[in-house]
Amino acid sequence: MPKYHVTTFGCQMNEHDSERMKGMLESLGYAEAAEQDDADLILFNTCSIRETADSKFVGHLGHAKRLKNEDPSRVVGVGGCWAQSVKDEVFEQFPFVDVAFGPGQVHKLAEFLNSDSLTAQGYFEFEGFTGDLPAHREREFQGWVQISVGCNCVCSYCIVPSTRGREVSRDPDDLIREIATMAGDGVREVTLLGQNVNSYGRDLEKSRRISFAELLREIDAIDGVDRIRYTSPHPKDMREDVLRAHAELPALCEHIHLPLQSGSSAVLKAMKRTYDRERFEDRVRLIREFVPDCALSTDIIVGFPGETDADFEQTLEVVEATSFDSAFTFVYSPRRGTVAAELPDQVPHEVKRERMARLVGLVQQHALQRAHRFVGRDIEVLVEGASRTDAAKLRGRSRHNKVVNFGGLAGAGELTTVTVESATSQTLAGTESLTARAVA
Ligand code: 5AD
Ligand code: SF4
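The shown structure was predicted, so the numbers you read here are calculated from the model rather than taken from an experiment.

**Examining the site of ligand 2**
Line of reasoning, step 1. Around ligand 2 lies a shell formed by C11, N14, T46, C47, S48, I49, C81, V160, R164 and Q195.
Line of reasoning, step 2. When residues are assigned to domains, the shell around ligand 2 turns out to be shared by domain 1 (3–123) and domain 2 (134–370), each giving three or more.

Encoded structure:
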């Protein structure tokens, strides 16, 4: 049996594309190799969101090159956003690469593997969602579902619209059918994926069109789905109907990832985010009105071109006022082909670093403070397996998306109740409630 190995970089969307890639390869008769060195087919699913993502991947390619030199019958493939952003140049820069394909072209890998010439083939069309490939799920009780592909936004810093194409929503009936099948197979937690999930449906023809909030309601009604998550919504499209769904649907988790990017309206304008600080703060107010205990996380970029000290202070103000449960913070990185990469007033590296340090300090302070509200509470945890820090303990995730390490007896895939005893900015710790086990 030929063997494959996939290394994945980037976001959950890429992780899911890799699951589909693996599922497809297994249906073609390939088995997964534990190491690259044992694989006949070496694949990379790449990311290009920041320069660090590019360089990390190029470092990994060196090893594949050595393996290919040792045994030229090995096949090396590069898929995903980086591949799309450089397209056929990949074969000039890295002649040992046999096949390259964009994020939407996972299924073309099968065509390539069945073709006569296993060398220098590139597949870079945008075709929308390309069929139901079987996914090889890492955990049988958690599943990802792509509800749309591509992005119609024009955020001036972002490479994704050029790597994943225009937004195409999947047919709601297909989605419901897929999720019902997953639930039948034992998936209890479903994460809906899209570059901009809450603009879901707008491109569908009228007779089939449903909104994101309606989609959530239909998924909530599926038997066996205990938890629904989604990522990422866009603040411009965050409407009351979605928050009403949060308040009403039992399966929809109390966590919203709402990317802020900057707290300065001037910077948001230059980023072409199409909302301002007031709109963002208003969305936060609405979230807290409908779901008072909702966990809120965000993405923030520091050092966007032209960001002044006063702009950055406004970001700190919004972080202070919102008190996020967690935040991913990024130093702005110019990306090829984006509008922002050509802007004057790129912020010096040293200034970016200083701002980042201040932001991270504030974010952590709030994350810790927010996490402490769970201490003493009994919370629902979906058990994922053994704790990474202490093998005698279990690890799971709360509905608020907190990692929980706890003593207990529950098995992976079970929902249980944990009494929280302590908290750090990242994780909660506690003990499985004995009454929960008695009842179960
Ligand atoms: N530089 C830094 N961060 C970026 N992001 C997207 N593009 C860039 C860039 N050029 C961040 C945004 C986005 C997250 C996934 O990555 O915050 O929400
Ligand atoms: Fe995901 Fe963006 Fe990276 Fe592509 S570039 S893999 S969409 S994070």
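**Here's the deal with the nonpolar core**
Line of reasoning, step 1. Residues Y157, L192, F212, L216, Y230 and I256 are the most contacted members of the largest nonpolar core, which totals 67 residues.
Line of reasoning, step 2. Here L216 is in contact with L192, I228, Y230, V242, A245, L249 and L252, once residues within four sequence places are set aside.
Line of reasoning, step 3. Within the second largest apolar cluster, 23 residues are counted, among which are I42, V78, W82 and F96.

**Topic: the domain arrangement of the protein chain**
How big an interface is tends to be expressed through the accessible area that disappears when the partners come together.
Line of reasoning, step 1. Each assigned domain of the protein chain is listed with its residue range as follows: domain 1 (3–123), domain 2 (134–370) and domain 3 (375–436).
Line of reasoning, step 2. Taking only C-alpha atoms, the centre of domain 1 and the centre of domain 2 are 28 Å apart.
Line of reasoning, step 3. Taken residue by residue, the interface counts 26 residues in domain 1 and 24 residues in domain 2.
Line of reasoning, step 4. Put simply, domain 1 and domain 2 have three salt bridges between them.
Line of reasoning, step 5. Here R335 and D54 are joined by a salt bridge, their closest N and O atoms 3.4 Å apart.

**Let's talk about the sheet that holds strand 4 (residues 75–80)**
Line of reasoning, step 1. Pairing in this open sheet of six strands is parallel, and the strands run 2-1-3-4-5-6 from one edge to the other. With partners counted over all chains shown, the strands left at the sheet margins are strand 2 (31–32) and strand 6 (121–123), one partner each.
Line of reasoning, step 2. Relative to strand 1 (residues 3–8), helix 1 (residues 12–27) is tilted by about 175°, and along the sheet it contacts strand 1, strand 2, strand 3 (41–46) and strand 5 (99–101).
Line of reasoning, step 3. Those strands touched by helix 2 (residues 51–70) are strand 1, strand 3 and strand 4, and its axis lies near 170° from that of strand 3.

**As for the sheet that holds strand 7 (residues 142–146)**
Line of reasoning, step 1. As summarised here, the arrangement of the three strands in space is 7-10-11, forming an open sheet in which the pairing is parallel. Two strands in the sheet have a free side with no partner beyond their single neighbour: strand 7 and strand 11 (227–231). Within this sheet the neighbouring strands show an average axis-to-axis angle of 20°, counted without direction.
Line of reasoning, step 2. Where strand 7 and strand 10 (residues 189–193) come together, five bridges link them in parallel fashion. Bridge pairing links V145 to L192 in strand 10.
Line of reasoning, step 3. On top of the sheet, helix 1 reaches strand 7, strand 10 and strand 11; it is set at about 100° to strand 7, its chief contact.
Line of reasoning, step 4. Its contacts with the sheet place helix 8 (residues 212–220) against strand 10 and strand 11, and it is angled at close to 150° to strand 11.

**Observations concerning the packing of helix 12 (residues 309–322) against helix 13 (residues 349–371)**
Line of reasoning, step 1. As a packed pair, helix 12 and helix 13 sit with axes 10 Å apart at the nearest point and diverge in direction by 10°. As judged from the angle between their axes, helix 12 and helix 13 are roughly parallel. Mapping the contact onto sequence places D309, F312, E313, T315, L316, V319 and E320 in helix 12 and R355, R358, L359, L362, V363 and H366 in helix 13.
Line of reasoning, step 2. In the contact of helix 12 with helix 13, the residues fall into six nonpolar, two polar and five charged.

**Some remarks on helix 7 (residues 172–184)**
Line of reasoning, step 1. Relative to the 18 Å expected for 13 residues at 1.5 Å per residue, helix 7 spans 18 Å between its end C-alpha atoms, a close match to the ideal helical length.
Line of reasoning, step 2. All of the buried residues in helix 7 are P172, L175, I176, I179, M182 and A183. Buried residues in helix 7, looked at end-on, bunch into an arc of 125°, giving them a common side. Residues of helix 7 that are exposed and angled more than 90 degrees away from the buried face: R177 and G184.
Line of reasoning, step 3. The inward-facing, buried residues of helix 7 abut strand 7, strand 10 and helix 8.
Line of reasoning, step 4. The opening residue of helix 7, the one whose side-chain oxygen lies 2.9 Å from the backbone nitrogen of D173, is D171.
Line of reasoning, step 5. Following helix 7 by one or two positions, G186 adopts a phi angle in the positive range, close to 110°.

So, how was this worked out
Residue indices begin from 1 for each chain and proceed along its sequence in written order. The order in which chains are written sets their letters, starting at A; the order in which ligands are written sets their numbers, starting at 1. It should be noted that, the model being predicted, local features are given only for residues of pLDDT at least 70 and side-chain atom pairs only at 80 or more, the latter also being counted only at that level, while totals for whole chains, interfaces and linings use all residues. Values reported for side chains reflect all heavy atoms of the structure, with hydrogen atoms and water molecules removed beforehand. Whether a residue is near a molecule or strand depends on its heavy atoms: it is near if one of them lies within 4 Å of it. The domain limits used here are those given by an automatic or database domain assignment. Note on terminology: a nonpolar core comprises buried Ala, Val, Leu, Ile, Met, Phe, Trp, Tyr and Cys residues joined through side-chain atoms within 4.5 Å. When accessible area is computed with a 1.4 Å probe and restricted to protein chains, residues below 20% of their type maximum are described as buried, those above 50% as exposed, and intermediate ones as partly exposed. Contacts between residues were defined by any pair of non-hydrogen atoms, one from each residue, lying within 4.5 Å. Only one rule defines a salt bridge in this text: a Lys or Arg side-chain nitrogen within 4 Å of an Asp or Glu carboxyl oxygen. A pair of strands counts as paired when DSSP detects no fewer than two bridges linking them. Strands here are runs of E lasting at least two residues and helices are runs of H or I lasting at least four, both read from the DSSP assignment and numbered beginning at the N terminus. Lines fitted to the C-alpha atoms define the axes, with helices restricted to the stretch that makes contact. Angles between their N-to-C directions range from 0 to 180 degrees. The cut-offs work like this: below 35 degrees is roughly parallel, past 145 is roughly antiparallel, 65 to 115 is roughly perpendicular, and the gaps in between are oblique. The nonpolar class holds Ala, Val, Leu, Ile, Met, Phe, Trp, Tyr, Cys and Pro. Asp, Glu, Lys and Arg form the charged class, and all remaining residues, Gly among them, are polar. The span you would expect from a helix comes to 1.5 Å times its residue count less one. Throughout, the arc means the angular range of directions from the helix axis out to the C-beta atoms. We call two N or O atoms a polar contact when they sit within 3.5 Å, provided that within protein one can donate a hydrogen and the other can accept it, with sequence-adjacent residues counted only if both atoms are side-chain atoms.

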